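For reference, the chains in residue letters:
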Amino acid sequence: MKQQQYVDLLVDALLDEGFTLDESLKLIQLQEKYEEQILIEETNYHRFVRWLVEHGRLSDW
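What comes next is a walk through the structure.

Analysis parameters
Residues numbered from 1 in each chain as written. Predicted model: local features only at pLDDT ≥ 70, side-chain atom pairs only at ≥ 80, totals over all residues. Heavy atoms only, no water. Helix = DSSP H or I, 4+ residues; strand = E, 2+ residues; numbered from the N terminus. Expected span 1.5 Å × (residues − 1). Contact = heavy atoms within 4.5 Å. Buried < 20%, exposed > 50% of the residue type's maximum accessible area, 1.4 Å probe, protein only. Salt bridge = Lys/Arg side-chain N within 4 Å of Asp/Glu carboxyl O. Axes fitted to C-alpha atoms, helices over the stretch in contact; angles between N-to-C directions. Parallel < 35°, antiparallel > 145°, perpendicular 65-115°, else oblique. Left-handed = near helix turned anticlockwise from the far one by under 90°. Nonpolar A, V, L, I, M, F, W, Y, C, P; charged D, E, K, R; others polar.

### Details of helix H1 (residues 2-16)
Then step 1. The end-to-end C-alpha separation of H1 is 21 Å, in line with the 21 Å expected for 15 residues at 1.5 Å each.
Then step 2. On its buried face, H1 sits against helix H2 (21-54).
Then step 3. Trailing H1 by a residue or two, Gly-18 shows a phi angle of about 105°, which is positive.

### So, H2
Then step 1. With 34 residues, H2 extends 50 Å between its outermost C-alpha atoms, agreeing within 8% with the 50 Å of an ideal straight helix rising 1.5 Å per residue.
Then step 2. Taken residue by residue, H2 has Ser-24, Ile-28 and Leu-52 as its buried positions.
Then step 3. On its buried face, H2 sits against H1.

### What to know about the pattern of salt bridges
Then step 1. Scanning the entire structure with this criterion turns up one salt bridge.
Then step 2. A salt bridge links Asp-22 to Lys-26; its shortest N-O distance comes to 3.4 Å. Of the two residues, Asp-22 and Lys-26 both sit in helix H2, four residues apart, roughly one turn of that helix.
Then step 3. Using a relative accessible area of 52% as the deciding quantity, one classes Lys-26 as exposed.

### Quick word on the packing of H1 against H2
Then step 1. Running from N to C, H1 and H2 point in directions that differ by 125°, and their axes come no closer than 9 Å. In terms of orientation, H1 lies oblique with respect to H2. Relative to H2, the crossing made by H1 is right-handed. Every residue of H2 that contacts H1 at Gln-3, Tyr-6, Val-7, Leu-10, Val-11, Leu-14 and Leu-15 is listed here: Leu-21, Ser-24, Leu-25, Leu-27, Ile-28, Gln-31 and Glu-32.
Then step 2. Here the residues of the contact of H1 with H2 sort into ten nonpolar, three polar and one charged.

Structure below.
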């Protein structure tokens, strides 16, 4: 429910800025995909750093 309210507010704000409904929905979808990609990249980065530590290639010193 909260997610839908958030999307509705975003759509309203984008409509106020002159975007069409279709453009607004596409922008919101693009933002969601971007945020998901960032999370994936951060996870991959953390896995790589953990591998470096486990294999003695990175330390606190």
